[in-house]
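A closer look at the structure
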Amino acid sequence: MENLSALKPPYNGLNFVPETLPRGFYVDAAHFEAEMRDIWCRNWVYLCRAETLEGPLHFRTFELGTQPILLLRDEQNELRAFYNVCRHRGSVLCSEPSGRLPAKMLLCPYHNWSYALDGRLTKTSSKYPAADFNKSDYPLHGIAITEWRGFVFVHLAGEDAPAFKPEFDLDSVNLDHWPLESLKCAHSSTKILDCNWKIFWENFSECLHCPSAHPELSDLVPIYKRAYQDERDDPQWAEHAQSSDPKYKGGLKPGAVSWSMDGQAHAPQFENLNEAERRAGHNFVIKLPSMMMVGHVDYVRILRMRPLSPTKTELYVEWLFLPSAMAAPEFDITPIVDFVDLVMAQDAALCALNQKGLSASAHESGVLMPEEYVVHDFHNWIRGALK
Ligand code: FES
Ligand SMILES: [Fe+2]
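Residues numbered from 1 in each chain as written. Chains lettered and ligands numbered in written order. Predicted model: local features only at pLDDT ≥ 70, side-chain atom pairs only at ≥ 80, totals over all residues. Heavy atoms only, no water.

Digging into the nonpolar core
- Formed by 68 residues in total, the largest nonpolar core has its most connected members in Trp201, Tyr224, Trp259 and Met292.
- Among the elements that line this core, the one with the most residues is helix α11 (residues 334-357), at seven residues.
- Once residues within four sequence positions are removed from consideration, Met292 is found in contact with Phe200, Trp201, Phe204, Phe284, Val285, Ile286, Arg301, Ile302 and Leu303.
- By size, the runner-up hydrophobic cluster in this structure holds 21 residues, among which are Tyr46, Ala144, Trp178 and Leu273. (Core = buried A, V, L, I, M, F, W, Y, C linked by side-chain atoms within 4.5 Å. Buried < 20%, exposed > 50% of the residue type's maximum accessible area, 1.4 Å probe, protein only. Helix = DSSP H or I, 4+ residues; strand = E, 2+ residues; numbered from the N terminus. Contact = heavy atoms within 4.5 Å.)

Things to note about the state of the cysteines
- This model, assessed by the stated rule, comprises one disulfide.
- Two residues, Cys207 and Cys210, share a disulfide whose sulfurs are 2.0 Å apart. An S-S torsion of about -95° defines the bridge between Cys207 and Cys210 as left-handed. Here Cys207 matches Cys210 in class, with each residue buried.
- Counting only cysteine sulfurs, Cys48 is the nearest neighbor of Cys185, a cysteine outside any disulfide, at a range of 11 Å.
- Judged by relative accessible area, Cys185 falls into the partly exposed class, the value being 27%.
- Here Cys351 stays free of any disulfide, with the sulfur of Cys195 as its closest cysteine sulfur at 4.4 Å.
- Its relative accessible area of 1% is what places Cys351 among the buried residues. (Disulfide = S-S within 2.5 Å.)

A look at the sheet that holds strand β15 (residues 312-321)
- Taken together, five strands build an open sheet; the order of strands is β11-β15-β14-β13-β12 and the sheet is antiparallel. Only two strands of the sheet have a single neighbouring strand rather than two, namely β11 (184-193) and β12 (283-287). Across the sheet, the mean angle from the axis of one strand to that of its neighbour is 15°, orientation sign disregarded.
- With nine bridges joining them, strand β14 (residues 300-309) and β15 adopt antiparallel strand pairing. Looking across to β15, one finds that Arg301 is bridged to Trp319.
- Contacts from α11 reach β11, β14 and β15, with the element oriented near 160° to β15. (Pairing = 2+ DSSP bridges. Axes fitted to C-alpha atoms, helices over the stretch in contact; angles between N-to-C directions.)

Notes on the confidence of the model for the protein chain
- On average, residues of the protein chain carry a pLDDT of 95, and 98% of them reach 70 or more.
- Scored below 50 in pLDDT, residues 1-7 makes one contact in the model with residues more than four places away or belonging to other chains. (pLDDT = per-residue confidence, 0-100.)

Dropping the structure here:
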């Protein structure tokens, strides 16, 4: 007898009813601390583009949750990262967000301990340190750092960090054909979202909300109007398998090539993209928990996430272009930035509603629908990461 299930075309949707993460994961301060410890301190996290530290002695400071980070270039232009804390009594070493060190050393502003740029303690201010005080016992606490294609990632475990692997999460593609190393930031913006950081990822991971929340985006990406993200999200997808209509196949509407107010490119298109990458119009790469990259034909958009509290998250967005495009007199990315701002504001409003609703103690957890299979993958990633 014929095996009917073998003939059924693969379909992305879930065929069971998983529970969401429990409410406490979104509101409890103790749980937030557990995620900072088990997730944010145990994964490589994106901080910034390498080009934002222009040369030797340039530094930047960041806070990741409660953890202060100091990033600098040493005399040899090598990137280094430390916890931004002095080994004496724990003062912050650099309080400015960025700048250039006045000398080849770090000087604590409290009692003037000084450190070499490789983190060695070189001098204390005590006139008669105890005989068994050994400066080599007090180097700065190191943070592991790596540069990948122009992006700086850190791992707070320092020497215990696993090697960085350019592996990506959820339904990521890759951006091998984009000249990521050569791009420069033409515009950036910071937004504070009134939600837990996981709510942002959940919102990003499904399109059930797209038809009602994102009319402009759903017009540009016709499959979103059907509340699907991918051709195979539709149980009946095989019936349309021969169609090239973007409402079935995904990709942008006819005549559109990029995410912008008019669907047009506003910089020369990248040369090495293949036909599928151009047709897709957007190519998503996720590095949990901190980063999303989206490759468009004319620019790359980066989102960096930073949890501030159980109910607040900072989103930092960068728009990257080729320097040659930025130098052109006609360079104007207003239609690109406006479109992204519009879609992000729509999502931010929904994320805030989601967070507010989760205050209700009656809501212990929710359920996922078949189309929310990427949300389910994300939840499993969270569950697996927590000790
Ligand atoms: S806390 Fe840094 S020198 Fe005292
Ligand atoms: Fe959305």
